[in-house]
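# Architecture at a glance
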Protein chains: 2
Amino acid sequence: MRILSHEIPSAVGQSVTVAGWVHRRRRLAAVSFLILRDRSGLAQIVVKGSPEQLDELSEETVVQVTGTVAANPQAPGGAEIVDPVIVALTEPAATPPIELWRPTVGAGLPVVLDNAPVALRHPVVRAGWEIAAAALHGFREALSGQDFTEIQTPKIVGTATESGANVFALDYFGGPAYLAQSPQFYKQQMVGVFERVFEVGPVFRAEPHDTVRHLAEYVSLDAEFGFITDHRDVLVMLRSAVAGMLQAVGERAGGALERLGVALPEIPVDVPVVHFSEALKIAGADPDEPDLAPADERAIGEWARREHGSEFVAVEGYPMVKRPFYTHPQPSDPRWSNSFDLLFRGVELVTGGQRLHRYSEYVAALEARGESAEAPAYSSYLQAFKHGMPPHGGFAIGLERFVARLTGAENVREVTLFPRDLHRLTP
Amino acid sequence: MRILSHEIPSAVGQSVTVAGWVHRRRRLAAVSFLILRDRSGLAQIVVKGSPEQLDELSEETVVQVTGTVAANPQAPGGAEIVDPVIVALTEPAATPPIELWRPTVGAGLPVVLDNAPVALRHPVVRAGWEIAAAALHGFREALSGQDFTEIQTPKIVGTATESGANVFALDYFGGPAYLAQSPQFYKQQMVGVFERVFEVGPVFRAEPHDTVRHLAEYVSLDAEFGFITDHRDVLVMLRSAVAGMLQAVGERAGGALERLGVALPEIPVDVPVVHFSEALKIAGADPDEPDLAPADERAIGEWARREHGSEFVAVEGYPMVKRPFYTHPQPSDPRWSNSFDLLFRGVELVTGGQRLHRYSEYVAALEARGESAEAPAYSSYLQAFKHGMPPHGGFAIGLERFVARLTGAENVREVTLFPRDLHRLTP
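Residues numbered from 1 in each chain as written. Chains lettered and ligands numbered in written order. Predicted model: local features only at pLDDT ≥ 70, side-chain atom pairs only at ≥ 80, totals over all residues. Heavy atoms only, no water.

### Comments concerning the overall build of chain A
Looking only at helices and strands, chain A has 12 helices and 16 strands in total. With respect to the three principal axes, the spread of C-alpha positions in chain A is 85 × 60 × 40 Å. Per element, the accessible surface of chain A, about 16400 Å² overall, is 51% carbon and sulfur. Where the 38 positive side-chain charges of chain A centre and where its 53 negative ones centre are 3 Å apart. (Helix = DSSP H or I, 4+ residues; strand = E, 2+ residues; numbered from the N terminus. Areas by Shrake-Rupley, 256 points an atom, 1.4 Å probe, with all protein chains shown as cover. Lys, Arg positive; Asp, Glu negative; His and termini not counted. Charge placed at Lys NZ, Arg CZ, Asp CG, Glu CD.)

Encoded structure:
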């Protein structure tokens, strides 16, 4: 019966079997050390002398080791395996393209990405995804606990979701189709069915720019729910989702945070909120600016930390001209919207808001943008509104961006298993 | 503060507010009834007389109702709301394309699918997806509890996953790319990183046949894990995943099962296993048949019920010629494979098995099929094997097929939110 390396310290004196990858060999004259890596961590195996067998056990070879556990304060976890019988489960592994046993990653990002199937084995490289996986769990748990229903909606769609730009076209049995840029339309329709829905899945953007923030395919964490008063209810729900994600990361990816030297932020129960017009003043920007520049966002982040002791701050009321047609205007002044961005350490993390919910509002909003509610692109979507939809809203979190912000990764590709972009379609 | 309709019976004598859709009006001379539907169920609102306001409250109009809860054994849950103040939250809803208030669905499948945004509101239509959502939760919980890491791998790939057939091609920044037919290659690579992984996500098949079982896009529940002895370990893990799915459906979608009149099956702790060669004998089929016909599967299902009292049975050892190149042969006789199908009530539900894990085995397996391990399609995939992979295996469950089998739906489209097939790309 195999045990994991992290269970070794509690088995001192016993005969145990472990299995994993040869992480590193160190051969001395009188004794050799073999460091074994499994999913739980590292284990030290002590081999008398420097037997020929070790020649075959190159780094990354998969082995099974049976031996006796001995206490040793110098070993990982304070125990090691002595008098081992080592059986290779594979042929000797070829030398990896990056040295996986070094504490830090000694290769640049392109080399890491080109060799992802192996580079991800490095404990520091894989840490990003460990955090992502924990965040996914936390997101679903937080929303399931609030009575949300998970949905899975089509990624092949008949028309571009929100605009014709940056959409991937494909051949669908001889006709045109597209990859969904977001589940926005579907999740709104499903509010009419389940009231509260979330979806975790891929979204696709034919993003023609080569930046550290953009991917052609990423994982979107979407939520949408009905019977709200306004976007402030959406912000409260978003806060609880983010809090759930952070909590799950702390509970399930503590080792990954440690390897990356990252401390988890706290999100206050009441996230400070500032109106867009006020935000421009705080940033010292022109009051007619329709959007916040990166420097403005940093200034607002600084303000929130200074005035509210918070690393998170929401900016509400973004100008309607900069928001999609389904955005609900601010009732007191329709130049502004009932939507928000959530900033984390001065950088945008999430966008959310209240949507229109009356059919007549959609007709007017589309007409105002020179489009028709009768267009095939909108007919199924708007059917939901013809037949009664409650006031509702929602948000979308980009998983890779969330993890990059959390870990301080400069490039979102560092925390993506197999990134897709303008220049990269493999591995 | 809004309460849900299922909370009404515990609020007798209190003033409450509920909100939802007008499910049905019944107007009599002295009294009218308004049935309100929210995510938790139905509520009865009693209105004195037949006021003009009810003219405006057409079915599916969204309303908020404040009134007093009174006990009434005839009302749903034994209580109703009297002396209501009703506020419409939308314009009067247009008449739905199918009558949502009828206990059974009075429209054929094409009408239901064409009008999915609204038809899914019918309690019987939405029941299929409630079961699916619960199954997703159970799958993830079962595998997370066994130390699996969730992964999300790319759906846009540079080469067709397993074969050139039935693959959707797309324009990727001016070059060719494809939609992933399965995460098979990625999940195997990730065994080298996390040992145990699962993925829930869309897979794409350009399926040119119009059948009740095939979709062009469906949700695949994939698992793969290392350090197994053989495919029997995979079957044990699959059993625990299916048991978790069934348990979650019972716990979280009991109402949906009831609406559909479906009883949950039990999966035995030890699923009966029969070898493919034996299965042919049980079915009375030609011993040289390379596959099981539907009638054979039914016969084996009958046999399992009769001999083992089980609705589930695994057939192991399928001929290697019918399995993909990465399948591990049966060590005692390489004509057979270390793979299996899990049958439920005589129909195939899941395929799984042990994979090859040595690089040299992949080279030989590909050469035997006239392919080269040096081909670009395999280079990243096989990199994982060059650098050490443990004995491993896994399985894939089609979500929609699983739910259809469970509910007895004849057509997998009945339990898919927005099916995609040869003829359907909308809604």
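### Digging into the pattern of salt bridges
Working definition: two side chains of opposite charge can pair if their charged atoms are close together. Residues and elements named next belong to chain B. A full pass over the atoms with the stated rule returns 58 salt bridges over all chains. Salt-bridge contacts for arginine 424 lead to aspartate 114; the nearest nitrogen and oxygen are separated by 2.9 Å. With a gap of 310 residues between them, arginine 424 in the segment after helix H12 (399-407) and aspartate 114 in helix H2 (residues 109-114) connect regions that are remote in the sequence. Arginine 424 gets classed as buried once you look at its relative accessible area, which sits at 14%. (Salt bridge = Lys/Arg side-chain N within 4 Å of Asp/Glu carboxyl O. Buried < 20%, exposed > 50% of the residue type's maximum accessible area, 1.4 Å probe, protein only.)

### What to know about the relation of the copies chain A and chain B
Note on the copies: chain A fits chain B at an RMSD of 0.0 Å, the axial shift is 0.0 Å, and the rotation between them is 180°. Such a combination of rotation and displacement between the chain copies is what one expects of a two-fold axis. Nearest to the rotation axis, the C-alpha of leucine 170 of chain A is located 2.1 Å from it, this being the minimum over chain A. The share of interface residues of chain A whose copies in chain B are also at the interface is 100%, consistent with both copies meeting through the same surface. (Least-squares fit on C-alpha atoms with pLDDT ≥ 70 in both. Contact = heavy atoms within 4.5 Å.)

### Structural notes on the interface of chain A and chain B
A common way to report how large an interface is uses the accessible area buried once the components associate. Every contact between the two is made by 95 residues of chain A and, on the other side, 95 residues of chain B. Buried surface at the junction of chain A and chain B, summed over both partners, amounts to about 7700 Å²; 61% is from carbon and sulfur atoms. When the buried area of chain A at its contact with chain B is split by residue, Arg39, Phe173 and His387 of chain A rank highest and sum to 10% of it. Along the contact surface separating chain A from chain B lie 8 salt bridges. For arginine 39 of chain A, the salt bridge is made with glutamate 195 of chain B, and the minimal N-O distance between the two is 2.9 Å. Examining the composition of the side of chain A that touches chain B, we find that 9 residues originate from one element, helix H4 (residues 123-144) of chain A, more than from any other. (Buried area = accessible area lost by both parts, 1.4 Å probe.)

### Describing the packing of H4 of chain A against helix H6 (residues 231-252) of chain A
Residues and elements named next belong to chain A. Running from amino to carboxyl end, H4 crosses H6 at an angle of 135°, the nearest separation of the two axes being 7 Å. Considering the angle they form, H4 stands oblique to H6. The two elements H4 and H6 meet at a crossing, and its hand is right-handed. On the side of H4, the interface is formed by Ile131, Ala134, Ala135, His137, Gly138, Phe139, Ala142 and Leu143, while H6 contributes Met237, Ser240, Ala241, Gly244, Met245, Ala248, Val249 and Arg252. Taken together, the residues that form the contact of H4 with H6 break down as 11 nonpolar, 4 polar and 1 charged. (Axes fitted to C-alpha atoms, helices over the stretch in contact; angles between N-to-C directions. Parallel < 35°, antiparallel > 145°, perpendicular 65-115°, else oblique. Left-handed = near helix turned anticlockwise from the far one by under 90°. Nonpolar A, V, L, I, M, F, W, Y, C, P; charged D, E, K, R; others polar.)

### Considerations on the pairing of strand E4 (residues 62-71) of chain B
Residues and elements named next belong to chain B. As paired elements, strand E1 (residues 15-27) and E4 share 7 bridges and run antiparallel to each other. If you follow tryptophan 21 over to E4, its bridge partner there is valine 62. The pairing of E4 with strand E5 (residues 79-88) spans 8 bridges and is classified as antiparallel. Looking across to E5, one finds that threonine 68 is bridged to valine 82. (Pairing = 2+ DSSP bridges.)

### Here we look at the sheet that holds strand E13 (residues 312-316) of chain B
Residue and element names in this part refer to chain B. Pairing in this open sheet of 8 strands is mixed, and the strands run E6-E10-E11-E16-E15-E14-E13-E12 from one edge to the other. Strands with a single pairing partner mark the edges of an open sheet, and in this sheet they are strand E6 (149-150) and strand E12 (273-275). Note that strand E11 (residues 217-226) and strand E16 (residues 392-398) share 7 bridges and pair antiparallel. Looking across to E16, one finds that leucine 221 is bridged to isoleucine 397. Lying on the sheet, helix H9 (residues 294-308) is in contact with E12, E13, strand E14 (339-344) and strand E15 (347-355); it crosses E13 at an angle near 125°.

### Comments concerning the packing of helix H10 (residues 359-368) of chain B against helix H11 (residues 376-386) of chain B
The geometry of H10 of chain B relative to H11 of chain B is characterised by a closest axis approach of 8 Å and an angle of 145° between their N-to-C directions. For the pair formed by H10 of chain B and H11 of chain B, the contact residues are Tyr359, Tyr362 and Leu366 of chain B on the first element and Tyr378, Tyr381, Leu382, Phe385 and Lys386 of chain B on the second.

### Observations regarding the UniProt feature "site: Important for tRNA non-discrimination" (unreviewed entry) in chain A
All names here are of chain A. When the UniProt feature table is mapped onto this chain, "site: Important for tRNA non-discrimination" (unreviewed entry) is found at Pro76. Along the chain, the position of proline 76 falls in the loop between strand E4 (62-71) and strand E5 (79-88). Apart from the residues within four sequence positions on either side, proline 76 is in contact with Leu42 and Gln44. (UniProt positions renumbered as here; feature names shortened; annotations may be inferred.)

### Regarding helix H12 (residues 399-407) of chain A
Residue and element names in this part refer to chain A. Counting buried residues along H12, 8 of its 9 residues qualify, which places the element largely inside the surrounding structure. Among the residues of H12, those classed as buried are Leu399, Glu400, Phe402, Val403, Ala404, Arg405, Leu406 and Thr407. Phi turns positive one or two residues past the end of H12, at glycine 408, with a value near 75°.

### Side note on helix H8 (residues 276-283) of chain A
Within H8 of chain A the residues assigned to the buried category are Phe276, Ala279 and Leu280 of chain A. The arc that holds the buried residues of H8 of chain A, viewed along the axis, is 105°, so those residues lie on one side. (Arc of directions from axis to C-beta.)

### A closer look at the environment of threonine 351 of chain B
Residues and elements named next belong to chain B. Following the sequence through the fold, threonine 351 ends up in strand E15. In the structure, threonine 351 is positioned 47 residues away from glycine 398 in sequence and 9.7 Å away in space, judged by C-alpha atoms. In contact with threonine 351, not counting residues within four places along its chain, are Arg323, Phe340, Asp341, Phe395 and Ala396. Within the structure, threonine 351 has its side chain in polar contact with the side chain of aspartate 341 (distance 2.9 Å). (Polar contact = N/O pair within 3.5 Å; in protein donor to acceptor, adjacent residues only side chain to side chain.)

### What about the packing of aromatic side chains?
Here the structure, examined in full by the defined rule, presents 40 aromatic pairs over all chains. Between phenylalanine 168 of chain A and tyrosine 172 of chain B, the aromatic rings sit 5.3 Å apart at their centres with planes inclined by 5°, giving stacked as the arrangement. Pair noted here: phenylalanine 168 of chain A is in the loop between strand E7 (156-157) and strand E8 (169-172) and tyrosine 172 of chain B is in strand E8 (residues 169-172), and the two residues belong to different chains. Both residues of the pair, phenylalanine 168 of chain A and tyrosine 172 of chain B, count as buried. (Phe/Tyr/Trp six-rings, centres within 6.5 Å; stacked < 30°, edge-to-face > 60°.)

### Describing unusual backbone geometry
Backbone geometry follows two general trends: most residues other than glycine have a negative phi, and most peptide bonds adopt the trans configuration. The omega torsion across threonine 426 of chain A and proline 427 of chain A is -5°, close enough to zero to call that bond cis. Locating proline 427 of chain A in the fold gives a position in the segment after H12. The phi angle at glutamate 60 of chain A is positive, at roughly 85°, despite the residue not being glycine. Relative to the elements of secondary structure, glutamate 60 of chain A occurs in the loop between helix H1 (53-56) and E4. The class of glutamate 60 of chain A is buried, set by a relative accessible area of 1%. Notably, aspartate 83 of chain B is not glycine yet its phi reads approximately 50°, a positive angle. Topologically, aspartate 83 of chain B is positioned in strand E5.

### Let's talk about a negative patch on the surface
All names here are of chain A. A grouping of Asp286, Asp288, Glu289 and Asp291 is seen on the molecular surface, where their side chains present a negatively charged patch. Topologically, aspartate 291 is positioned in the loop between H8 and helix H9 (294-308). A residue is classified by how much of its surface remains accessible, and aspartate 291, at 32% relative accessible area, is partly exposed. (Patch = residues over 30% accessible without salt bridge, like charges linked within 9 Å, V, L, I, M, F, W, Y side chains within 5 Å.)

### Comments concerning the sheet that holds strand E13 (residues 312-316) of chain A
All names here are of chain A. Overall, mixed pairing links the 8 strands, which are arranged E6-E10-E11-E16-E15-E14-E13-E12 in an open sheet. Edge strands, defined here as strands with exactly one partner in the open sheet, are strand E6 (149-150) and strand E12 (273-275). Together, E6, strand E10 (196-204), strand E11 (217-226), strand E15 (347-355) and strand E16 (392-398) form the strand contacts of helix H5 (residues 184-194), whose direction differs from that of E11 by roughly 30°.

### Overview of the side chain of threonine 61 of chain A
When you line up the elements, threonine 61 of chain A lands in the loop between H1 and E4. Excluding residues that lie within four positions of it along the chain, threonine 61 of chain A makes contacts with Gly20, Trp21, Val22, Glu56, Ala88, Thr90, Glu91, Pro92 and Ala93 of chain A.

### Considering the pairing of strand E1 (residues 15-27) of chain A
Residue and element names in this part refer to chain A. The sheet contact formed by E1 and strand E2 (residues 31-38) spans 6 bridges and is antiparallel. Bridge assignment links arginine 27 to a residue of E2, and that residue is serine 32. Hairpin connection between E1 and E2: a loop of 3 residues separates the two successive antiparallel strands.

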